[in-house]
Amino acid sequence: MGRATHDRMANAIRALAMDAVEAAKSGHPGLPMGAADVATVLFTRFLKFDPADPAWPDRDRFVLSAGHGSMLLYAVLHLLGYADMTLAEIKRFRQLGSKTAGHPEYGHAGGIETTTGPLGQGIANAVGMALAERIMAARFGDAIVDHHTYVLASDGDLMEGVSQEAIALAGHLRLAKFIVLFDDNGITIDGKLALADSTDQVARVKASNWNAVRIDGHDPDAIAAAIEAAKKSDRPSLIACRTTIGFGAPTKAGSEKAHGSPLGADEIKGAREKLGWKHPPFEIPADLLDLWRKAGGRSREARKAWDKRSAALDPASKAEFERRVAGKIPVSLASAVLAVKEQAIAKPEEMATRKASEVSLEAITAALPEMIGGSADLTGSNNTKTKGMAVIAPGDFKGRFVHFGVREHGMAAAMNGMALHGGIIPYAGTFLVFSDYCRPALRLAALMGKRVIHVMTHDSIGLGEDGPTHQPVEHLAALRAIPNLYLFRPADLTETAECWQLALERAAGPSVLALTRQNLPVSRKRFSEKNLCAQGAYELSPASAKAVVSLFASGSEVSLCLAAQAELEKKGVPTRVVSAPCFELFLAEPLAYRHAVIGDAPVRLAVEAAIRQGWDEIIGTDGAFVGMSGFGASAPYQDVYAHFGITSEAIIAAALDCFGREKKAAGAKAGARRSSPSAR
């Protein structure tokens, strides 16, 4: 490709970006115009993909971490011939119901590998993709899995803290097929980058075991040479491409004025003249479109050759690869869970639910080889590593456990990337209080609808001596507030195994298992083949007669309710106990089931070692609550529970108080009826 042809192809990206942003009266034209040369070289010379088969498992992955420059990706996908990305969709940029959202959204169109926009998330997702590629290659061989992961990142991506977590992990694991193209334009929304940052990004990544170079981001030969060298590297690579934001804009190029708003009609007219682009808005000359479409078909033969290699696999390997890529759960999961439940009833013992999770994982991970575990430097506390799991290490990806280090945010974002890559179900652990560090990635997993499982232990004041800095009180409510995220808080081994099954069978979104540090009594004493947790809440222990008190709880507080129930029954107060391990599942049940579980007892009392928020949907605003209203304290957990009044005795007292008030109110109402004129 000669320079003149390259320039015309790159200018097609610039023109579509300018025109779409102008039509929408909203968007970011600067990055697409500045990075068009980089994208043209990458997509026409290096990237392995086939628009006719966007989900080809062995395609290279491209992540636009700088998601605000979404028109770069949309323009390229349209030019290459992706069926989803029509010119009509380009014209509907940022409009309701279009595939061309303001920031790229996974699932909207082929070629969009992940949802980006919150800066730093894309590069961290891509680390997970690159790691998943190596794990899958170690299992199925390079003939079936052999592709690169490319990222286009901005200054903002590299300023976000999660980028350092991702960069350090990628460098440590020597993910050599991971290449970051840094759009080094020196401009942010506020103005010149120098206003806020003076980091030498090349030196920074080199310190994290990367290769890194600086190039002219408008020189196609320099771009190509740098990518060629990166592909031969034995470690991750960063290519700092010095570009001019808004390249071609006569007065706004190189300034923040080109970053996040339409250029305006006069500036676009000047840009067209400067770039030599003589075509009306949204018009791509036929010969130029043909060049792009030919580039789109460049890897078609490679894809067909891969199809033949895949078809030639031995039947067992072929079936396993296809099952994993499709995300189908093997039938062996159900039998593994049943075995754990049978063990729980046959040999009941007190145990922390984090230990119950480990017991469950021993059986489940044996049945699901696609499960890849990990922990943010809390392996012994989270109990996420089973006995047979080998560790994934630099150059050795045959294991099934990742030491993510103290990088909760990077871990969560990388897990998203692993799930997006396909063929893997990632799960990993940290403390529940550190879900705050994971939250941006958790939210994106929910938005994308990806199966990612977080094991979050030390789930309440029950962790004891580490005190209020580590004792989550608002975190259960905060996680329940994220749409499409399921929070499971099981009460014992049986419930824990059931919750693991539900999390694994749920393909359409992430799950969090909130687990205790402290040992708990057995709550479910009868074996049932049915997964009782599947409906979110269920009557665990019925009342001896028509209930006047209903106790509701999750996790560690279920056993407190059972103890309180026993005493209340002795006092002649019929009481039932409902376990509510998953609000999201329960609130999705039909109204009739919810009414049946909530019941009609006059006293409804919920117990959870956390704040009340969220419980009113079950107990009503007039229901009683025993729990937390502030932060915890440092002491042995038994003392902390007693100090904050979360005990069976406190539950009994609250229930009796409510019951007494209900009786008094009922008596007063009856008396008023007897004394009314109509009664006489």
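Please read all numbers here as calculations on a predicted model, not as lab measurements. (Residues numbered from 1 in each chain as written. Predicted model: local features only at pLDDT ≥ 70, side-chain atom pairs only at ≥ 80, totals over all residues. Heavy atoms only, no water.)

Peer 1: Could you give an account of the sheet that holds strand β11 (residues 453-457), with specific residues and numbers?
Peer 2: On the basis of which strands lie adjacent, the open sheet formed by six strands has the order β9-β8-β10-β11-β13-β12 and parallel pairing. A strand with exactly one partner marks an edge of an open sheet, and here the two such strands are β9 (401-403) and β12 (486-488). Taken pair by pair, the neighbouring strands of this sheet meet at an average axis angle of 20°, ignoring direction. Here five bridges tie strand β10 (residues 425-431) to β11, and the two strands are oriented parallel to one another. (Pairing = 2+ DSSP bridges. Helix = DSSP H or I, 4+ residues; strand = E, 2+ residues; numbered from the N terminus. Axes fitted to C-alpha atoms, helices over the stretch in contact; angles between N-to-C directions.)

Peer 1: Talk me through the side chain of N11; I want residue IDs and the actual numbers.
Peer 2: Along the polypeptide, N11 turns up in helix α1 (residues 3-24). Apart from residues lying up to four places away in sequence, N11 is in contact with L275 and W277. (Contact = heavy atoms within 4.5 Å.)

Peer 1: Any details on the packing of α1 against helix α4 (residues 70-80)? Residues and values, ideally.
Peer 2: Axis separation between α1 and α4 bottoms out at 9 Å; the angle between their running directions is 120°. Taken together, the axes of α1 and α4 are oblique relative to one another. Between α1 and α4 lies a crossing of right-handed hand. Facing A12, I13, L16, A17, A20 and V21 of α1, the residues of α4 in contact are M71, L72, A75, V76, H78 and L79. (Parallel < 35°, antiparallel > 145°, perpendicular 65-115°, else oblique. Left-handed = near helix turned anticlockwise from the far one by under 90°.)

Peer 1: Tell me about the packing of aromatic side chains, residues and numbers included.
Peer 2: Scanning the model with the defined rule gives 15 aromatic pairs in all. Both rings, one in F43 and one in F62, keep their centres 5.0 Å apart while their planes meet at 70°; by these two values the pair is edge-to-face. With F43 in helix α3 (residues 36-46) and F62 in strand β1 (residues 61-64), the pair connects residues that are 19 residues apart, well separated along the chain. Assigned by exposure class, F43 and F62 land together as buried. Residues F178 and W210 carry aromatic rings whose centres are separated by 5.6 Å and whose planes lie at 75° to one another, so their mutual orientation is edge-to-face. (Phe/Tyr/Trp six-rings, centres within 6.5 Å; stacked < 30°, edge-to-face > 60°. Buried < 20%, exposed > 50% of the residue type's maximum accessible area, 1.4 Å probe, protein only.)

Peer 1: How would you sum up helix α13 (residues 300-311)? Please name residues and give values.
Peer 2: The end-to-end C-alpha distance of α13, which contains twelve residues, comes to 17 Å, matching closely the 16 Å that a straight helix rising 1.5 Å per residue would cover. By the burial criterion, the buried members of α13 are R303, W306 and S310. Buried residues of α13 fall within an arc of 55° about the axis and therefore sit on the same side. In α13, those exposed residues whose orientation departs by more than 90 degrees from the buried face are E301, K308 and A311. On its buried face, α13 is in contact with α14 (315-326). (Expected span 1.5 Å × (residues − 1). Arc of directions from axis to C-beta.)

Peer 1: Got a sec to walk through the sheet that holds strand β2 (residues 149-153)? Specific residues and values, please.
Peer 2: Reading across from one edge, β1-β2-β3-β7-β6 is the order of the five strands in this open sheet, with parallel pairing throughout. Two strands bound the open sheet, and with one partner strand each, they are β1 and β6 (211-216). Here the strands of the sheet are splayed against their neighbours by 15° on average, with no regard to which way each runs. Sitting on the sheet, α3 touches β1, β2, β3 (178-184) and β7 (237-242), and the angle it makes with β2 is about 170°. Packed on one face of the sheet, helix α10 (residues 220-231) meets β2, β3, β6 and β7 and runs near 170° to β6.

Peer 1: Account for the pattern of salt bridges, with residues named and values stated.
Peer 2: If charged atoms from side chains of opposite charge come close, those side chains can pair. Here the structure, examined in full by the defined rule, presents 40 salt bridges. A salt bridge links D600 to K546; the shortest N-O distance between them is 3.3 Å. In this pair, D600 is assigned in the loop between α24 (591-598) and β17 (603-608) and K546 in the loop between β14 (538-541) and β15 (549-553), connecting sequence segments 54 residues apart. Of the residues examined, D600 reaches a relative accessible area of 59% and is grouped as exposed. (Salt bridge = Lys/Arg side-chain N within 4 Å of Asp/Glu carboxyl O.)

Peer 1: Summarise the pairing of β6; cite the residues concerned and give the values.
Peer 2: Sheet topology places β6 next to β7; six bridges connect them, and they run parallel. If you follow D216 over to β7, its bridge partner there is R242. A crossover links β6 with its parallel partner β7, the connecting element being α10, and its sense is right-handed. (Right-handed = clockwise from strand over helix to strand, strands pointing away.)

Peer 1: Talk me through helix α22 (residues 557-570); I want residue IDs and the actual numbers.
Peer 2: End to end, α22 covers 20 Å across 14 residues, agreeing with the expected 20 Å (1.5 Å per residue, within 8%). Buried residues of α22: E557, V558, S559, L560, C561, L562, A564, Q565 and L568, and no others. G572 sits one or two positions beyond α22 and adopts a positive phi of about 80°.

Shape descriptors only; they carry no functional weight alone.
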